[in-house]
Amino acid sequence: MYRHLQHRLSDHICKFLRRTYDLDLADIVIEQPPRVELGEYAMPLAFDLAKRLRKAPRKIAEEIVAGIGEIDGYEKFAVAGAGYINAYLKRGPMATAITIDEKPQSKVPDGKVLVEHSSINPNKAAHVGHLRNAILGDTFVRLLRFSGRRVDVQNYIDNTGVQVADVVVGFLHIQKKSREEIEQLAREPRFDYYCWDLYARVSQWYQEDKANLQLRLQTLHDIEHGGNESAAVADVISVAVLKRHLETMDRLDIEYDFLPRESEILKLHFWDAAFEKLKAGGVLFFENEGKNKGCWVMRRGGTAKSEHADAIRKDEDILTIVPLKSEVDVRLDEVSEEDQKVIVRSNGTVGYVGKDIAYHMWKFGLLSRDFGYLKFYRYPNGHDCWISSTDGVPDHPHFGDVAEIYNVIDARQSEAQNTVVDALRGLGYNDQADHYTHFSYEMVALTPRCATELGYELSEEDSKRPYIEVSGRKGFGVKADDLLDRLIASARAEVDSRHPELSDEERSTIAIQIAVGALRYFMLKFTKQSVIAFDFKEALSFEGETGPYAQYAAVRATNIFRKAGIEPETLEKDVASYVSTGEFDKYLNGSDTDDLWALWLAASKTSYVVDQAIATTEPAYLAKHAFQLAQLFNVFYHRYPVLAELDEERKKFLLATVFVVRRELMRVLSVMGIAVPAVM
RNA sequence: GCGCCCGUAGCUCAGUUGGAUAGAGCGAACGGCUACGAACCGUUAGGUCGGGAGUUCGAAUCUCUCCGGGCGCACCA
């Protein structure tokens, strides 16, 4: 509702400016005033116009306020400070609109969206870093779906790379296991943990004797070729570990629709199709000399020189045009060795970026090839997750061929991502390149204290650093399932002490909901560009700015209804007649009502916040909003004992307040993938 | 060396497209349970927004520069 009224205000003001001053502004800046006493929207536009109209800002603001006339839903406009225009809403009608959940329709783009996230190498257990990726990705999927988009969720599986090869080497050459023994192990409950340890051991084994690296190369080669023991073992391992990853993520309510695997990208010759187009389009060129001799290379992402090869530099008072030497080397085949990225190696094999280019051409339906599809995993709720295969079943959902893509991949890979975008652009697919978003986020690292707690010995240098990077290769990290287990155990202890009257099963369900709430909130409260220095103490906290804090607020709201003997779901049906607009006006205007109004206003902002979160690919806004709503509600809860209210009419108004806040809180939490427990 | 990111309270972080008095949480000190259950609420202390220069009516936010930290820059993925 908040979002809708803002658009209405913006449109109206723009029209007024065009009419009155002949100014054509596409959009105007609308802010949120620091306090509700100053209205619901603030516009500093008079400051901007001051110069163009050559008048004092305050005078312009006064003219605008006097001239704009009535806007539906708005009570008044006022000039404040040196020239702010503050807009005040009609609180009664606004409250009615919020209560009945009025949703003015907004345009939803047509095409399908593809979100790729998780993409964990299937050779070891998932760790905290993977959790951040999956939680960010899943929340973004929920955001898009909430706003009406059709979304496919994909999890790319690199089942033929060195990481899987290393574990194969571990099983076959260090442990000397037979395929049957490995298959047996793969059926064990936490096979991914076994691989975690083995993977670290293999890395060590390579260091012990460099000759061992020869086996890695050979194994990698065998896996890529297929039809041999190493490839068969790699398949057993990667499929088993992948299943474990799906189980782990399912504990957090994270599901996927399709799992494209690198093995099919190879076997179905996606690269061959892409290679032809890239050569024909002049994106790739063959290097005849230097260190990349014999390779097909392209310009590394992000190194392209500016289109206007000139830079304007202001030096004191003199404007100087400085031509860059790039005028000379804009030609693709003269990209310096430094800026070259090898796509096809001199032995003819294609590297990761090349496969990724082909995969992304497929995503946009530009490859004229498709995967085969098989059902791979059925979630407890009945949803099917599909996997790529050389020959699939004829009847399957249509994946790929989408209008927009988001790749949730950490910031370390931004150069590779830019290279893929550049390749699309180089082929002339500008529209697709414009709808390609690298959803970039920073890694999760461990604080030195956390590392010590886990039993790792740190060098003196490391112990002084703010954080230390997780390393699967070294087996250094916090495993996702371990973290969840600890969170659940900790939540369970709290629930046990607070609710001994509940059954074992009920307490278990609540503990899981709280643990998941805490974890998902923790991963979402930081903005993407912030490195999370992971610490058990903070992650295991259930107080303050945490998921359980927000869950608790929602539970409190539910408790009020329970005590009142009212079902919120029943109330929802005839909520329109519960409190009249006149009554809302009575209780939301006048002195000392700003705190109540602030709560209503916060409750009206969900769709506004969702829009912001999508436009900026920043789910942290959602977490902030959930917390603010919960915080305002908790203050309300203390200040207004709803059920003790003697005035029946006012009591209904307070109940409507609780109803609306509860609904919005649950809505926001659900977009974050957080459930609200029955009791806490 | 080149590229990207970060530097805000003791600690961990917010701060939308430049805007009104820079905000939370944790931690610290004190206070609040007659239960709509305190996983909560209140009060207090705590800031030269890394330093400097510039643009602007206005800068934590934009530009430049310096300092400090992180991450990239494989015929790995």
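Residues numbered from 1 in each chain as written. Chains lettered and ligands numbered in written order. Predicted model: local features only at pLDDT ≥ 70, side-chain atom pairs only at ≥ 80, totals over all residues. Heavy atoms only, no water.

Colleague: Before we move on, can you summarise the protein's contact with RNA strand B with the specific residues and values?
Modeller: Close to RNA strand B lie 64 residues, the nearest being Tyr-84, Asp-158, Arg-345, Arg-498 and Thr-527. Near the protein, meaning within 4 Å, the atoms of RNA strand B are sugar or phosphate in a fraction of 66%, with bases accounting for the rest. One nitrogen or oxygen atom from the side chain of Asn-292 is found 3.4 Å from a phosphate oxygen belonging to RNA strand B. One of the backbone N or O atoms of Tyr-640 is found 2.5 Å from a base nitrogen in RNA strand B. Only helix H2 (45-53), strand S3 (84-89), helix H19 (480-498), helix H22 (547-564) and helix H27 (620-639) provide two or more residues apiece to the surface near RNA strand B. (Near = heavy atom within 4 Å. Polar contact = N/O pair within 3.5 Å; in protein donor to acceptor, adjacent residues only side chain to side chain. Helix = DSSP H or I, 4+ residues; strand = E, 2+ residues; numbered from the N terminus.)

Colleague: Hey, could you go over the domain arrangement of chain A for me, with residue numbers and the actual values?
Modeller: Note on interface size: it is often stated as the accessible area lost on association of the parts. Taken domain by domain, chain A comprises domain 1 (2-89), domain 2 (113-271 + 353-444), domain 3 (278-344), domain 4 (448-538) and domain 5 (541-671). Domain 1 and domain 2 are separated by 51 Å when their C-alpha centres are compared. (Domains from an automatic or database assignment.)

Colleague: Can you tell me about the sheet that holds strand S2 (residues 74-80), naming the residues and giving the values?
Modeller: Across the sheet, three strands lie side by side as S1-S3-S2; this open sheet has antiparallel pairing. Strands with a single pairing partner mark the edges of an open sheet, and in this sheet they are strand S1 (41-43) and S2. Each adjacent strand pair in this sheet contributes to an overall mean axis angle of 20°, direction not counted. Across six bridges, S2 lies against S3 in antiparallel orientation. Looking across to S3, one finds that Ala-78 is bridged to Asn-86. (Pairing = 2+ DSSP bridges. Axes fitted to C-alpha atoms, helices over the stretch in contact; angles between N-to-C directions.)

Colleague: Tell me about the sheet that holds strand S18 (residues 532-534), residues and numbers included.
Modeller: Taking strand neighbours across the sheet as the criterion, the three strands line up as S17-S16-S18 in an open arrangement whose pairing is mixed. Strands with a single pairing partner mark the edges of an open sheet, and in this sheet they are strand S17 (468-469) and S18. Alignment of strand S16 (residues 444-446) against S18, held across three bridges, turns out to be parallel. Paired with Val-444 across the strands is Ile-532, a residue of S18.

Colleague: Pulling in residues and values, what's your account of the packing of helix H4 (residues 91-99) against helix H24 (residues 581-588)?
Modeller: Interaxial distance between H4 and H24 falls to 7 Å at its minimum, and their mutual angle equals 120°. By the angle class used here, H4 and H24 are oblique. As for the relative orientation of H4 and H24, their crossing is right-handed in sense. For the pair H4 and H24, the contacting residues are Arg-91, Gly-92, Pro-93, Ala-95, Thr-96 and Thr-99 in the first and Thr-581, Phe-584, Asp-585 and Leu-588 in the second. When its residues are assigned to classes, the contact of H4 with H24 shows four nonpolar, four polar and two charged. (Parallel < 35°, antiparallel > 145°, perpendicular 65-115°, else oblique. Left-handed = near helix turned anticlockwise from the far one by under 90°. Contact = heavy atoms within 4.5 Å. Nonpolar A, V, L, I, M, F, W, Y, C, P; charged D, E, K, R; others polar.)

Colleague: Lay out the pairing of strand S5 (residues 151-154) with the relevant residues and their values.
Modeller: What you see with S5 is no split at all: Val-151 and Val-153 on one side and Asp-152 and Gln-154 on the other are buried throughout. Where strand S4 (residues 113-116) lies against S5, four bridges are found, and the strand directions are parallel. Looking at S5, one finds that Glu-116 is bridged to Gln-154. Crossover S4 to S5 through helix H5 (residues 128-146) is right-handed. (Buried < 20%, exposed > 50% of the residue type's maximum accessible area, 1.4 Å probe, protein only. Right-handed = clockwise from strand over helix to strand, strands pointing away.)

Colleague: Go over the packing of aromatic side chains with me, naming the residues and quoting the values.
Modeller: What the rule picks out here adds up to 37 aromatic pairs. Judged by centre distance (5.2 Å) and plane angle (80°), the ring pair of Tyr-2 and Tyr-608 falls under edge-to-face. Of this pair, Tyr-2 sits in helix H1 (residues 2-21) while Tyr-608 sits in helix H26 (residues 606-615), placing them 606 residues apart in sequence. On the basis of an interplanar angle of 85° and a centroid distance of 6.3 Å, the ring pair of Phe-16 and Tyr-21 is categorised as edge-to-face. The class for Phe-16 is buried, based on a relative accessible area of 4%. Here a set of aromatic residues connected by ring pairs shows up, and it is made of Tyr-156, Phe-258, Phe-270, Tyr-359, Trp-362, Phe-371, Tyr-373 and Phe-399. Taking NZ or CZ as reference, Lys-76 lies 4.4 Å from the ring centre of Tyr-88, over its face. Its guanidinium or amino end placed over the ring of Tyr-578, Lys-652 lies 4.9 Å from that ring's centre, counting from NZ or CZ. (Phe/Tyr/Trp six-rings, centres within 6.5 Å; stacked < 30°, edge-to-face > 60°. Lys NZ or Arg CZ within 6 Å of the ring centre and 35° of its normal.)

Colleague: Can you explain the pattern of salt bridges? Please cite residues and give values.
Modeller: All told, the structure shown has 51 salt bridges when counted by the stated rule. Notably, a salt bridge pairs Glu-63 with Lys-55, separated by 3.0 Å at the nearest N-O pair. Overall, Lys-55 belongs to the partly exposed group, its relative accessible area being 31%. Arg-216 is the partner of Asp-166 in a salt bridge, and the nearest nitrogen-oxygen pair spans 2.9 Å. Remark: Arg-216 occurs in helix H9 (residues 213-225) and Asp-166 occurs in helix H6 (residues 162-174); sequence separation between them is 50 residues. One network of salt bridges, with partners in common, ties together Arg-190, Asp-192, Arg-244, Glu-247, Arg-251, Asp-481 and Asp-485. (Salt bridge = Lys/Arg side-chain N within 4 Å of Asp/Glu carboxyl O.)

Colleague: If you had to explain the environment of Thr-558 to someone new, which residues and values would you point to?
Modeller: Positionally, Thr-558 belongs in helix H22. Under the relative-accessibility criterion, Thr-558 is labelled buried at 17%. Taking the C-alpha atoms as reference points, Thr-558 and Arg-662, separated by 104 residues in sequence, lie 7.4 Å from one another. One polar contact links Thr-558 to Arg-662, side chain to side chain, over a distance of 2.9 Å.

Colleague: Let's hear about helix H14 (residues 352-363): which residues, and what values?
Modeller: Three- or four-residue spacings in an α-helix give side chains the same orientation, since the helix completes a turn every 3.6 residues. In a regular helix each residue adds 1.5 Å, so 12 residues correspond to 16 Å; H14 covers 16 Å between its end C-alpha atoms and thus fits that length. With 11 of 12 residues buried, H14 is to be regarded as a mostly interior element. Every buried residue of H14 is listed here: Val-353, Gly-354, Lys-355, Asp-356, Ile-357, Ala-358, Tyr-359, His-360, Met-361, Trp-362 and Lys-363. (Expected span 1.5 Å × (residues − 1).)

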